[in-house]
Amino acid sequence: AASQEPLSIIIVGVGEEEFADMEYLDSDKHALVDEDGKAAGRDIVQFVPFQQCKDDLEHLTLTVLKELPFQLLEYYCSKGQRPHAWGDSSPYTLPEGNWANQRHR
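Residues numbered from 1 in each chain as written. Predicted model: local features only at pLDDT ≥ 70, side-chain atom pairs only at ≥ 80, totals over all residues. Heavy atoms only, no water.

## A closer look at the overall build of the chain
For step 1, the next point in the chain: Within the chain, the regular secondary structure consists of three helices and two strands.
For step 2, the next point in the chain: Reading the chain from its N terminus to its C terminus gives the helix and strand order β-α-β-α-α.
For step 3, the next point in the chain: Taking all 105 residues of the chain together, 28% fall into the buried category.
For step 4, the next point in the chain: In the chain, 56% of the contacts between residues at least 6 apart in sequence involve partners at least 24 apart.
For step 5, the next point in the chain: Per element, the accessible surface of the chain, about 7600 Å² overall, is 52% carbon and sulfur. (Helix = DSSP H or I, 4+ residues; strand = E, 2+ residues; numbered from the N terminus. Buried < 20%, exposed > 50% of the residue type's maximum accessible area, 1.4 Å probe, protein only. Contact = heavy atoms within 4.5 Å. Areas by Shrake-Rupley, 256 points an atom, 1.4 Å probe, with all protein chains shown as cover.)

## Remarks on the pairing of strand 1 (residues 9-13)
For step 1, the next point in the chain: When strand 1 meets strand 2 (residues 45-49), the two strands line up parallel, connected through five bridges. Within strand 2, the residue paired with Ile-10 across the bridge is Gln-46.
For step 2, the next point in the chain: With helix 1 (residues 20-26) bridging strand 1 and the parallel strand 2, this β-α-β connection has right-handed handedness. (Pairing = 2+ DSSP bridges. Right-handed = clockwise from strand over helix to strand, strands pointing away.)

## Concerning the side chain of Gln-46
For step 1, the next point in the chain: Mapped onto the elements, Gln-46 comes out in strand 2.
For step 2, the next point in the chain: Residue classification places Gln-46 among the buried residues on the basis of a relative accessible area of 3%.
For step 3, the next point in the chain: Leaving out residues up to four positions away in the same chain, Gln-46 has contacts with Ile-9, Ile-10, Ile-11, Asp-26, Thr-63, Val-64, Lys-66, Glu-67 and Gln-71.

## Concerning helix 3 (residues 68-78)
For step 1, the next point in the chain: Where helix 3 is concerned, the buried positions are Phe-70, Gln-71, Glu-74, Tyr-75, Tyr-76 and Cys-77.
For step 2, the next point in the chain: Summarising the contacts, the buried residues of helix 3 are in contact with strand 2.
For step 3, the next point in the chain: A positive backbone phi angle near 70 degrees is found at Gly-80, which sits one or two residues after helix 3.

## Remarks on the packing of aromatic side chains
For step 1, the next point in the chain: Here the structure, examined in full by the defined rule, presents two aromatic pairs.
For step 2, the next point in the chain: Here the aromatic rings of Phe-19 and Phe-47 are separated by 5.3 Å at their centres, their planes lie at 50 degrees, and the arrangement is tilted. Placement of the pair is Phe-19 in the loop between strand 1 and helix 1 and Phe-47 in strand 2, with a sequence separation of 28 residues.
For step 3, the next point in the chain: Between Tyr-75 and Tyr-76 the ring centres are 5.9 Å apart and the planes differ by 65 degrees, which places this aromatic pair in the edge-to-face class. Grouping residues by exposure puts Tyr-75 and Tyr-76 together as buried. (Phe/Tyr/Trp six-rings, centres within 6.5 Å; stacked < 30°, edge-to-face > 60°.)

## Considerations on helix 2 (residues 57-65)
For step 1, the next point in the chain: Looking only at helix 2, the buried set comprises Leu-60, Thr-63 and Val-64. Here the buried residues of helix 2 occupy an arc of 95 degrees about the axis, which is enough to place them on one side. The exposed residues of helix 2 that point more than 90 degrees off its buried face are Glu-58 and Leu-62.
For step 2, the next point in the chain: Looking at the buried positions of helix 2, the neighbouring elements they touch are strand 1 and strand 2.
For step 3, the next point in the chain: A side-chain oxygen of the first residue of helix 2 lies 3.2 Å from the backbone nitrogen of Glu-58; this N-cap is Asp-56. (Arc of directions from axis to C-beta. Polar contact = N/O pair within 3.5 Å; in protein donor to acceptor, adjacent residues only side chain to side chain.)

In short, the description is geometric, and any link to function would need to be established separately.
Below, the structure written as structure tokens:
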């Protein structure tokens, strides 16, 4: 499944259409489930409606990219690995437990 891979998908909805399907894919409030009922391992989609940010490009940039660092860390943690940028002498440690479901989105 894609959620097990080092992948993040960023979708910007352009226009004044109804984006309910895109918001569902964003899965901030629920886990996506495949045809067999298996839940995605992690949230890899960030959806942003352009109309909400069109007048402030800095806000658009921050909104589009805000989940990316967490998604990267969540991927590494799911593999039991430390991000390479931390190096061997980093004071940071990987969170333990079910921290992904406790985070504030």
